[in-house]
Amino acid sequence: IPDADALDFGVGMDFTISLWFKVAAGSAIGDEMFEKQRTAAGFVGYQLRGPESDVSNTIRYQIDDNVLQTAVRSTTTGLADDKWHHVVLVRYYGDNVTMFIDGEWDASTADVTGSLAPNDGDLLLCDGGSSDYAGKIDDFVIWNESLTPKQVADLYNISFGNYKMTVNVTDGTAKNTSGLWNFTIGIPPSPTDKTAPNINFTNPTPENDSTLGTPYF
């Protein structure tokens, strides 16, 4: 994804990143699921690594403001299990960086206090530069605000049904809210049953209360 100011979070800005990931057992080596960093060496920006096979198949999220770097590692282990997992990464500016896994709080660490805006690299998905991430990701989303634990849980538990949504946009000072949108997550139709029917014909007899040619009024 090309570099853009909207992806470079400055002083005072919260943000949230959410995605689903799936890694087969035995294939985890800790490459980046995503990364957004400065093109000059030594400035990480923000990135998610893992699962890392040498650290019990945990995942690690890093934020770097070009002065200090902080990292939060999942307490959940064994995430290279060939199953889909949901991870949400929330930066509460100046307070903490928190990781949620499968809808629940997992780990937190202190936040850096500087700006991530010197980050001029592209946002790379499944590519760490030196080698490719060995799994799958889906539903990658970035918000320019911090989601609450309830919102994280709702995001994980979303299912078929009717929903209402508004969109909030902010530059850190002013904030605009869209109108109310309605949308439906539908249940996919069942596949057509192509099984041939099993039909048995029975001759009419008095024993089965039917007689050929006898009128009933």
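Please refer to the structure placed before this passage.
The rules we used
Residues numbered from 1 in each chain as written. Predicted model: local features only at pLDDT ≥ 70, side-chain atom pairs only at ≥ 80, totals over all residues. Heavy atoms only, no water. Helix = DSSP H or I, 4+ residues; strand = E, 2+ residues; numbered from the N terminus. Contact = heavy atoms within 4.5 Å. Areas by Shrake-Rupley, 256 points an atom, 1.4 Å probe, with all protein chains shown as cover. Core = buried A, V, L, I, M, F, W, Y, C linked by side-chain atoms within 4.5 Å. Buried < 20%, exposed > 50% of the residue type's maximum accessible area, 1.4 Å probe, protein only. Polar contact = N/O pair within 3.5 Å; in protein donor to acceptor, adjacent residues only side chain to side chain. Pairing = 2+ DSSP bridges. Axes fitted to C-alpha atoms, helices over the stretch in contact; angles between N-to-C directions.

## A word on the overall build of the protein
Counting its regular elements, the protein contains 1 helix and 14 strands. Put simply, of all contacts in the protein between residues at least 6 apart along the chain, 57% involve residues at least 24 apart. Total accessible area on the protein is roughly 12,800 Å²; 53% of this is exposed by carbon and sulfur atoms.

## Some remarks on the environment of Ala24
Tracing the backbone through its elements, the reader meets Ala24 in the loop between β1 (15–22) and β2 (32–36). Note: C-alpha distance between Ala24 and Asp82 (58 residues apart in sequence) is 4.0 Å. The residues touching Ala24, leaving out its near neighbours within four places in the chain, are Ala80 and Asp82.

## Thoughts on the nonpolar core
Ranked by size, the top nonpolar core spans 26 residues in total, and within it Phe21, Phe34, Tyr46, Leu48, Ile59 and Tyr61 carry the most contacts. Elements supplying a minimum of two residues to this core: β1, β2, β3 (46–52), β4 (58–64), β6 (85–92) and β7 (96–101). Per-element accounting of this core gives the leading share, 4 residues, to β1. With residues near it in sequence (within four places) discarded, Leu48 still touches Leu19, Asp31, Glu32, Met33, Phe34, Ile59, Arg60, Tyr61, Val87 and Leu89. With 5 residues, the next largest nonpolar core counts Val88, Val90, Phe100 and Val152 among its residues.

## What about the side chain of Ser74?
Along the chain, Ser74 falls in the loop between β5 (69–73) and β6. From its side chain, Ser74 meets the backbone oxygen of Thr76 in a polar contact 2.9 Å long. If we skip the residues at most four places from it in the chain, Ser74 touches Thr58, Ile59, Leu79, Met99, Ile101 and Asp106.

## Quick notes on the sheet that holds strand β9 (residues 123–125)
Pairing is antiparallel in the open sheet, where 5 strands are placed in the order β5-β4-β3-β2-β9. Taken across any chain shown, the strands that pair with only one partner, and hence form the sheet edges, are β5 and β9. The mean angle between the axes of side-by-side strands here comes to 15 degrees, regardless of whether they run parallel or antiparallel. Sheet topology places β2 next to β3; 4 bridges connect them, and they run antiparallel. Within β3, the position partnered with Lys36 by the bridge is Tyr46.

## Comments concerning the sheet that holds β1
Taken in spatial order, the 5 strands line up as β8-β7-β6-β1-β10 in an open sheet, and their pairing is antiparallel. Each having just a single partner strand, β8 (104–110) and β10 (136–143) make up the two edges of the open sheet. On average, each strand axis in the sheet is tilted by 15 degrees relative to the strand beside it, whichever way the strands run. Bridging between β6 and β7 involves 6 bridges; their strand directions are antiparallel. The partner of Tyr92 across the bridge, within β7, is Asn96. Running over the sheet, helix α1 (residues 149–157) touches β1, β6, β7 and β10 and is turned about 160 degrees from β6.

## Points about the pairing of β5
Remark: a regular strand shows side chains that alternate across the two faces of the sheet. In β5, alternate side chains face the same way, and those of Thr70 and Val72 are buried while those of Gln69, Ala71 and Arg73 on the opposite face are not. Relative to β5, β4 is paired through 5 bridges, and the arrangement is antiparallel. In the strand pairing of β5, Asp64 is matched with Gln69. Linkage of β4 to β5, two consecutive antiparallel strands, is achieved through a turn of 4 residues, within which Asn66 is found at a positive phi near 75 degrees.

## Regarding the side chain of Thr58
Mapped onto the fold, Thr58 is located in strand β4. Judged by its relative accessible area of 3%, Thr58 falls in the buried class. Polar side-chain contacts of Thr58 include one of 2.8 Å to the backbone oxygen of Val55. Residue contacts for Thr58: discarding those within four places in its chain leaves Gly50, Pro51, Glu52, Arg73, Ser74, Thr76 and Thr77.

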